[in-house]
Amino acid sequence: MKKRHINKVAVIGSGIMGSGIACHFANIGVEVLLLDIVPRELTKAETAAKLTLESPKVRNRLVNDSLKAALKSKPSPIYNQAFASRITTGNLDDNIADIKDADWVIEVVVERLDIKKLVFEKIEKHRKKGSLITSNTSGIPIKFMNEGRSEDFQKHFAVTHFFNPPRYLKLFEVVPGPNCAQEVTDFLMVYGEKFLGKTAVLAKDTPAFIGNRIGVFGIMSLFHIVKEMGLTVEEVDKLTGPLIGRPKSATFRTIDVVGLDTLVHTANGVAQNAPDDEMHESFQIPDFINTMLENNWLGSKSKQGFYKKNVDSKGKKEILVLDLDTLEYRKANKVSFATLGNTKTVEKVIDRFKILVKGKDKAGEFFRKSLSAIFAYASNRIPEISDELFRIDDAMKAGFGWEHGPFQIWDAIGVEAGIKMMEEAGYSPNKWVTEMLANGNSSFYSIEQGSKFYYDLQSGKLHKVPGQDAFIILDNIREATTVWSNNEASIQHLGDGVLNVEFQSKMNTIGGGVLQAINKGIDLAEQEYEAVILGNQAANFSVGANLAMAFMLAIEQEYDELAMATKLFQDTVMRLRYSSVPTLITPRGMTFGGACEMSMHADKVIAAAETYTGLVEFGVGIIPAGAGTKEMTKRVSDLWVKDDVQLNRLRDAFINIAMAKVATSAVEAFDMGYFKKDKDLIVVNADRQIATAKRYAIQMLEDGYTQPAPQKVKVVGQQALGMFLVGTDSLYHGKYASEHDKKIANKLGYIMAGGDLSEPTYVSEQYLLDLEREAILSLLTERKTLERIEHTLKTGKPLRN
């Protein structure tokens, strides 16, 4: 069988989804042709410019405007604006023949079968034989879309359903057509996971597929439960957000973002196309939702939905919530349930469910009713929408941002306990669940020898979840492979002499326990093992150093302890660079402050594409003092060309730190100097990071890893210091910076200049580390610095004073 490569993709339809999909292919280096229809009439501006409908600028206006809007949107659909050059735009009349060069053609036009069939007819005329054709439809049956198409077309046709926004949401549903070749299905599943960085979920051609079928049912069921129980908007969002491992936007804020009309459209689609669904009544639109639709209260797109931004009589901005009984907006009330208090000390979300369903108040009742409904519905969808239960969990996690899928949650409560809860709430599971228990299987999942197994309905036995061999999943191996641990971190042996140090503190903050673990990991590797990875699989690698600990030491004026703690942090970071074993790090999500400093010092960074990193300390009134300021200065020194270029680069690095700039992707982190192009790399699928890091660690050892030798840093001295002082003074007098900002910036500039040296000089890294430590200790004696830190700890936001 000929190996398939994707070098060029054609995307037909440039709306929000089409442009987003085009941008994500550009993100991974694929050439993209983005096409849309030709406008039927001129705009006023085009008429004034004396353009005609035949003018190229007019003919490509829709596609160009759509792509331009996408590239300006926040969050950005593209890793780096320069990547937009990989996208060529055109129209379906003049440029459709160009799809002959495409290896994959993706249809993303309006959800109308007649229009899709016209597009497929055009694609059929111009595509090359053997190229892939897929639709991003969210529900039109494949048998209708490929009706009348050639054998080769049908053999290579499937649905590839991206979730919006395509860059950020990981769900990639693959729905093969009735005549789709198995090798095409297999290719799409692998490509989605490996190259697009998605969770590829194989689905059947059923209404709304998997993600939307389960997810929309959950929301529609919740609408009915909310009215029945008399719950408020803010109460529901409190109960269905981070508390249970769901996004901060929870339920009603999420609907406002997605659009109430979009949700209702999908619900109506299920109601019309799945008339035999046992929960059909749940998809009926409640009266209060119909009223909202009539009033055009659709959410963000109409400026009001379940929430509404308002400005009060004093000019203060506030967010009002919709009262579901009166349908009038009011101020949000504080939400408090006793059941929630019982989970405050439970760090792991999955361990909270057993407590929440036992609650004696309205919150407990809500969880029993809502979870019972979703358990019953999910169990009844097998084998209708999927033959394997793990695919339902995967879809909900990747498409809706759930930390755990319904069968995982059910396992956490206990399958038998869940059935009893369901029966008391008026629901019952599908018979295969009771058959599973009768067969001696007490759970849907189990971990055996570091691999995850699921209950398979057809065989009545446990089967290994496919595809996991490409990953190292810490949850599956932690218990069996841990060689050392404390309260904040643990060390696992990944095999082949490679250790992994996993941060396990709150938000993975770096305190004494984490530093102890890193040093212990390096000790073990130097004595008994071979290499060390700093890796975890939390949503965020680390928010940085333990600010609360530093604040308490400063408040209590324990300056000697502060100095020792800072020195320990610096020494640990420097040990990542100068140990005798390879050190690797796997940043993902938020990788701030001290975590960024560690990334800059490991031998190799294996970064997830979605890594948001930066030296953010300035925002809380201090400077990077865990070797970050030293390292940015050194990286400028390493690129020394001539003095004026050196000053410009030093100024840019200074600005990045002083503005607490954060890279919005791993690609941008390279541009900002946090990662190095000659040694670090990006993986699009974060699930592959630790396995990739292990592979590179072994390769480094096989290539003959040598302990690095300390290097000198060329600093500019007074010339650079003068530049910094003039700059901060002008910002202060221009009222762009406070007096305290100026003080912090001057200390930062003093370090990056190398102090008040009369001429450019080579200094040791320790010299700059000493300057860092001196600066941060002096700042931590300042009242204004402590005010900033306290404000940040309380609100999560920086304070300017």
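Residues numbered from 1 in each chain as written. Predicted model: local features only at pLDDT ≥ 70, side-chain atom pairs only at ≥ 80, totals over all residues. Heavy atoms only, no water.

Participant: Which parts of the structure should I look at to understand the overall build of the protein?
Facilitator: The number of helices and strands found in the protein is 33 helices and 25 strands. Its C-alpha atoms give the protein a radius of gyration of 28 Å, within 12% of the compact-globule value 28 Å for 801 residues. Along the longest, intermediate and shortest principal axes, the C-alpha atoms of the protein span 80 × 70 × 70 Å. For the protein, long-range pairs separated by at least 24 residues make up 69% of all intrachain contacts whose partners lie at least 6 apart in sequence. When the accessible surface of the protein is split by element, carbon and sulfur atoms take 51% of a total near 35400 Å². Of note, the protein has its 98 positive side-chain charges centred 4 Å away from the centre of its 101 negative side-chain charges. (Helix = DSSP H or I, 4+ residues; strand = E, 2+ residues; numbered from the N terminus. Rg over C-alpha atoms; globule rule 2.2 N^0.38 Å. Contact = heavy atoms within 4.5 Å. Areas by Shrake-Rupley, 256 points an atom, 1.4 Å probe, with all protein chains shown as cover. Lys, Arg positive; Asp, Glu negative; His and termini not counted. Charge placed at Lys NZ, Arg CZ, Asp CG, Glu CD.)

Participant: What exactly am I supposed to notice about helix α13 (residues 287-294) here?
Facilitator: Counting along an α-helix, one turn takes 3.6 residues, and residues three or four places apart therefore face a common direction. Buried residues of α13: Phe-288, Ile-289 and Met-292, and no others. Considered in projection along α13, the buried side chains sweep an arc of 100 degrees and stay on one side of the axis. Seen from the buried face of α13, the exposed residues on the opposite side, beyond 90 degrees, are Asp-287 and Glu-294. Against the buried residues of α13 lie α9 (211-229), α12 (260-273) and β10 (317-322). Immediately beyond the C-terminal end of α13, within one or two residues, lies Asn-296, with a positive phi of roughly 60 degrees. (Buried < 20%, exposed > 50% of the residue type's maximum accessible area, 1.4 Å probe, protein only. Arc of directions from axis to C-beta.)

Participant: I tried to follow the packing of aromatic side chains on my own but got confused; where do I start?
Facilitator: Aromatic ring pairs are defined here through the distance separating the ring centres and the angle between the ring planes. Within the structure shown, the criterion is met by 31 aromatic pairs. Here the aromatic rings of Phe-654 and Phe-724 are separated by 4.4 Å at their centres, their planes lie at 25 degrees, and the arrangement is stacked. Of the two residues, Phe-654 is situated in helix α27 (residues 643-658) and Phe-724 in helix α30 (residues 718-733); the sequence distance between them amounts to 70 residues. In terms of burial, Phe-654 and Phe-724 fall into one category: buried. Members of the aromatic cluster, joined through ring pairs, are Phe-25, Trp-104, Phe-162, Phe-172, Phe-187, Tyr-191 and Phe-195. A cation over an aromatic ring shows up here: Arg-246 above the ring of Trp-402, its NZ or CZ 3.5 Å from the ring centre. (Phe/Tyr/Trp six-rings, centres within 6.5 Å; stacked < 30°, edge-to-face > 60°. Lys NZ or Arg CZ within 6 Å of the ring centre and 35° of its normal.)

Participant: I keep staring at the sheet that holds strand β16 (residues 489-493) and nothing clicks. Help me out?
Facilitator: Sheets are built from strands that pair by backbone hydrogen bonding, the pairs being arranged parallel or antiparallel. Pairing within the open sheet is mixed, and its 7 strands lie in the order β15-β16-β17-β18-β19-β21-β23. Every interior strand has two partners, whereas the edge strands, β15 (482-485) and β23 (681-683), have only one. The average undirected angle you get between the axes of adjacent strands in this sheet is 20 degrees. Both β16 and strand β17 (residues 498-503) contribute to a ladder of 5 bridges, which runs antiparallel. Bridge pairing links His-493 to Leu-499 in β17. (Pairing = 2+ DSSP bridges. Axes fitted to C-alpha atoms, helices over the stretch in contact; angles between N-to-C directions.)

Participant: How should the packing of α9 against α12 be read in this particular structure?
Facilitator: If you want to describe how two helices pack, look at the angle between their axes and the distance between the axes. Closest axis-to-axis distance for the α9/α12 pair is 10 Å, and the angle between their directions is 105 degrees. Relative to α12, the element α9 lies roughly perpendicular. Of the residues in α12, those touching α9 at Asn-212, Arg-213, Val-216, Ile-219, Met-220 and Phe-223 are Leu-263, Thr-266, Ala-267 and Val-270. Of the residues contributing to the contact of α9 with α12, the split by class is 7 nonpolar, 2 polar and 1 charged. (Parallel < 35°, antiparallel > 145°, perpendicular 65-115°, else oblique. Nonpolar A, V, L, I, M, F, W, Y, C, P; charged D, E, K, R; others polar.)

Participant: What is the right way to read the sheet that holds strand β3 (residues 87-91) from this model?
Facilitator: Taken in spatial order, the 8 strands of this open sheet run β3-β2-β1-β4-β5-β6-β7-β8, and their pairing is mixed. The two strands at the open ends of the sheet, each matched to only one other strand, are β3 and β8 (199-202). Neighbour-to-neighbour, the strand axes of the sheet open up by a mean angle of 25 degrees, direction not taken into account. Sheet topology places strand β1 (residues 8-12) next to strand β2 (residues 31-36); 5 bridges connect them, and they run parallel. The partner of Val-11 across the bridge, within β2, is Leu-34. Sitting on the sheet, helix α1 (residues 16-27) is in contact with β1, β2, β3, β4 (104-107) and β6 (157-162), with an inclination near 170 degrees to β2.

Participant: I tried to follow the pattern of salt bridges on my own but got confused; where do I start?
Facilitator: It is possible for side chains of opposite charge to pair when their charged atoms get near one another. Across all of its chains, the model carries 52 salt bridges by this definition. Here Arg-59 ties to Asp-94 by a salt bridge, and the two come within 2.6 Å at their closest N and O atoms. Placement of the pair is Arg-59 in helix α3 (residues 56-59) and Asp-94 in the loop between β3 and β4, with a sequence separation of 35 residues. The class of Arg-59 is buried, set by a relative accessible area of 12%. A salt bridge links Arg-478 to Asp-475; the nearest nitrogen and oxygen atoms lie 3.0 Å apart. In this pair, Arg-478 and Asp-475 are both assigned in helix α21 (residues 474-481), 3 residues apart and thus about one turn of the helix distant. Residue Asp-475 is classed as exposed on the basis of its relative accessible area, which comes to 58%. (Salt bridge = Lys/Arg side-chain N within 4 Å of Asp/Glu carboxyl O.)

Participant: How do you make sense of the packing of helix α24 (residues 559-578) against helix α32 (residues 765-779) when you look at a structure like this?
Facilitator: Here α24 crosses α32 at 145 degrees, and the two axes come no closer than 10 Å. The chirality of how α24 crosses α32 is right-handed. Residue-level contacts link Tyr-559, Leu-562, Ala-563, Thr-566, Lys-567, Gln-570, Met-574, Arg-577 and Tyr-578 of α24 to Glu-765, Gln-766, Leu-769, Glu-772, Arg-773, Ile-776 and Leu-777 of α32. When the residues that make up the contact of α24 with α32 are grouped by side-chain class, the tally is 8 nonpolar, 3 polar and 5 charged. (Left-handed = near helix turned anticlockwise from the far one by under 90°.)

Participant: Just checking my understanding: could you explain the nonpolar core for this structure?
Facilitator: In terms of nonpolar packing, the biggest core is built from 110 residues, with Phe-223, Phe-252, Phe-306, Leu-371, Phe-407 and Phe-444 touching the most fellow members. Contact partners of Phe-444, with chain neighbours within four places excluded, come to Leu-389, Phe-407, Trp-410, Asp-411, Val-415, Trp-432, Val-433, Met-436, Phe-453, Tyr-454 and Tyr-455. By size, the runner-up hydrophobic cluster in this structure holds 82 residues, among which are Val-514, Ile-518, Ala-607 and Phe-654. (Core = buried A, V, L, I, M, F, W, Y, C linked by side-chain atoms within 4.5 Å.)

Participant: What should I look at first to understand unusual backbone geometry in this one?
Facilitator: Residues apart from glycine generally show negative phi values, whereas peptide bonds are mostly found in trans. With omega at 0 degrees, the peptide bond leading from Asn-164 into Pro-165 counts as cis. Along the polypeptide, Pro-165 turns up in the loop between β6 and β7 (171-176). Each neighbour pair has its own omega, and for Ile-382 with Pro-383 the value is 10 degrees, a cis peptide bond. With respect to the element layout, Pro-383 can be found in the loop between α16 (362-380) and α17 (389-400). The backbone of Ala-250 shows a phi angle near 50 degrees, a positive value even though the residue is not glycine. Looking at the element boundaries, Ala-250 is found in the loop between α10 (233-239) and α11 (252-258). Its relative accessible area of 11% is what places Ala-250 among the buried residues.

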